[in-house]
Amino acid sequence: MLLKGKNILITGTNRGIGKAILVECAKNGANILAHAREKNDEFLEFIKQLALQYDVTITPIFFDMTDTQKMRIVLNDVLKSDLNVDGIINNAGIIHSKLFQMTSIKEMRDVFEVNLFSHMELTQLILRKWRKRPQSHKFIINMASDAGFNLRVGSSAYGVSKAAIIAWTKVLSKELAYYNVRVNAIAPGLTSSNMATSLGEKAINEITNLSLMKRLGTPEEIANVAVFLASEKASFVNGQIIRVDGGSI
């Protein structure tokens with residue numbers, strides 16, 4: 001098991017890629033702080049059974065990523081506990097596809113708040129504790145997107161927010177190397193998920209045709225890369241953006 005004994009905080013674990021990362025990390029022995037926006041019985045039962053299946057501890061934490069006050073309250077409780085968080089997987093995000101001139105500045109801000117600024121704030125909160133223990137090895141994995149590289153029509157909000165994640169990852173890796181913190185990002189292509197479905201069949205077909213493998217990725221394929229980057233197998237991987245997009249053209 002690649003992550004035996006590690007304690008990992010993962011955002012956006014109730015569906016899609018985040019849920020797959022939650023499962024793969026548990027399968028590999030990690031104890032998990034599983035973030036979701038809202039509490040619901042189905043999610044609670046799912047993580048309970050997952051924890052039993054793989055003999056790990058999964059602790060749910062709930063807050064809207066844009067609710068700064070609630071985030072701080074929840075994370076401060078975590079940081080005051082004896083739990084030693086070993087890594088962060090900044091996964092939560094929202095998709096947006098609309099022409100720039102049809103997109104309000106409020107919509108732009110909403111996308112950036114969830115996809116970028118909320119993760120910056122969460123990471124800062126965790127780093128305050130980590131910087132007191134520079135001898136211990138930690139990791140941060142940010143969820144970017146191939147949309148941050150291939151900035152297509154209609155991606156002024158989503159694509160640009162993911163391009164910002166890519167840039168932030170590179171800067172952060174340079175700043176935190178001294179503290180033994182590795183910072184990498186995963187840039188998935190379009191994957192089979194509710195997020196993909198929301199784009200519509202025409203957009204899915206267009207994006208699929210731009211992949212050399214001519215198909216959508218699966219959440220599990222993205223999750224497997226996250227497990228590798230979180231493990232000691234990636235101990236010399238830092239400041240990298242790992243594209244998992246089937247060979248995007």
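Before reading further, recall that the structure is shown in the block above.
Residues numbered from 1 in each chain as written. Predicted model: local features only at pLDDT ≥ 70, side-chain atom pairs only at ≥ 80, totals over all residues. Heavy atoms only, no water.

## What to know about the pairing of strand β2 (residues 31–36)
- The buried fraction of β2 amounts to five of the six residues, a majority that puts the element mostly inside the structure.
- The sheet contact formed by strand β1 (residues 7–10) and β2 spans four bridges and is parallel. Following the sheet pairing, Leu9 is matched in β2 by Leu33.
- Crossover handedness for the path β1 to helix α1 (residues 16–27) to β2: right-handed.
- Bridging between β2 and strand β3 (residues 58–62) involves five bridges; their strand directions are parallel. By the bridge assignment for β3, Leu33 is matched with Thr59. (Buried < 20%, exposed > 50% of the residue type's maximum accessible area, 1.4 Å probe, protein only. Helix = DSSP H or I, 4+ residues; strand = E, 2+ residues; numbered from the N terminus. Pairing = 2+ DSSP bridges. Right-handed = clockwise from strand over helix to strand, strands pointing away.)

## Quick word on a nonpolar patch on the surface
- Among the surface-exposed residues, Leu99, Met102 and Val153 lie close enough to one another that they form a single nonpolar patch of about 330 Å² accessible area.
- Inspection of the secondary structure assignment puts Leu99 in the loop between β4 (87–90) and α4 (105–130). (Patch = residues over 30% accessible without salt bridge, like charges linked within 9 Å, V, L, I, M, F, W, Y side chains within 5 Å. Areas by Shrake-Rupley, 256 points an atom, 1.4 Å probe, with all protein chains shown as cover. Salt bridge = Lys/Arg side-chain N within 4 Å of Asp/Glu carboxyl O.)

## Quick look at the packing of aromatic side chains
- Applying the stated criterion across every chain, the model contains three aromatic pairs.
- For the ring pair Phe112 and Phe117, a centre distance of 6.3 Å and an interplane angle of 40° mean the geometry is tilted.
- Under the relative-accessibility criterion, Phe112 is labelled buried at 15%.
- Under the relative-accessibility criterion, Phe117 is labelled partly exposed at 41%. (Phe/Tyr/Trp six-rings, centres within 6.5 Å; stacked < 30°, edge-to-face > 60°.)

## Overview of the side chain of Lys162
- Its place among the elements puts Lys162 in helix α5 (residues 158–176).
- Look at Lys162: it is buried, it has no salt bridge, and the nearest opposite charge is Asp146 at 10 Å.
- A polar contact is formed between the side chain of Lys162 and the backbone oxygen of Met143, at a distance of 2.9 Å.
- With residues up to four places along the chain from it excluded, the contact list for Lys162 reads Asn115, Met143, Ala144, Ser145 and Gly148. (Lys, Arg positive; Asp, Glu negative; His and termini not counted. Polar contact = N/O pair within 3.5 Å; in protein donor to acceptor, adjacent residues only side chain to side chain. Contact = heavy atoms within 4.5 Å.)

## Side note on the sheet that holds strand β5 (residues 138–143)
- With parallel pairing, the seven strands of this open sheet are ordered in space as β3-β2-β1-β4-β5-β6-β7. Edge strands, defined here as strands with exactly one partner in the open sheet, are β3 and β7 (241–244). Averaged over all neighbouring strand pairs, the angle between strand axes comes to 20°, with direction disregarded.
- Sheet strands in contact with helix α8 (residues 219–230) are β1, β5, β6 (181–188) and β7, and its direction is about 170° off that of β6. (Axes fitted to C-alpha atoms, helices over the stretch in contact; angles between N-to-C directions.)

## Brief notes about the pattern of salt bridges
- In the structure shown here, the tally under the stated rule is eight salt bridges.
- Ionic pairing is found between Lys27 and Glu24, a salt bridge with its closest N-O pair at 3.3 Å. Separated by three residues within a single helix, Lys27 and Glu24 lie in helix α1, roughly one turn from each other.
- Using a relative accessible area of 35% as the deciding quantity, one classes Lys27 as partly exposed.
- For Glu24, a relative accessible area of 11% puts it in the buried group.
- Ionic pairing is found between Lys138 and Asp86, a salt bridge with its closest N-O pair at 3.5 Å. Of this pair, Lys138 sits in strand β5 while Asp86 sits in the loop between α3 (68–80) and β4, and the two are 52 residues apart along the sequence. Here the two residues Lys138 and Asp86 agree in accessibility, since each one is buried.

## Brief notes about the packing of α1 against helix α2 (residues 41–54)
- Look at α1 against α2: their axes get within 9 Å of each other, and the N-to-C directions meet at 25°. With respect to each other, α1 and α2 are oriented roughly parallel. The way α1 lies across α2 gives a crossing that is right-handed. Across the interface between the two elements, Lys19, Leu22, Val23, Ala26 and Lys27 of α1 pack against Phe46, Ile47, Leu50 and Tyr54 of α2.
- Considered class by class, the residues forming the contact of α1 with α2 number seven nonpolar, no polar and two charged. (Parallel < 35°, antiparallel > 145°, perpendicular 65-115°, else oblique. Left-handed = near helix turned anticlockwise from the far one by under 90°. Nonpolar A, V, L, I, M, F, W, Y, C, P; charged D, E, K, R; others polar.)

These figures capture arrangement, not role.
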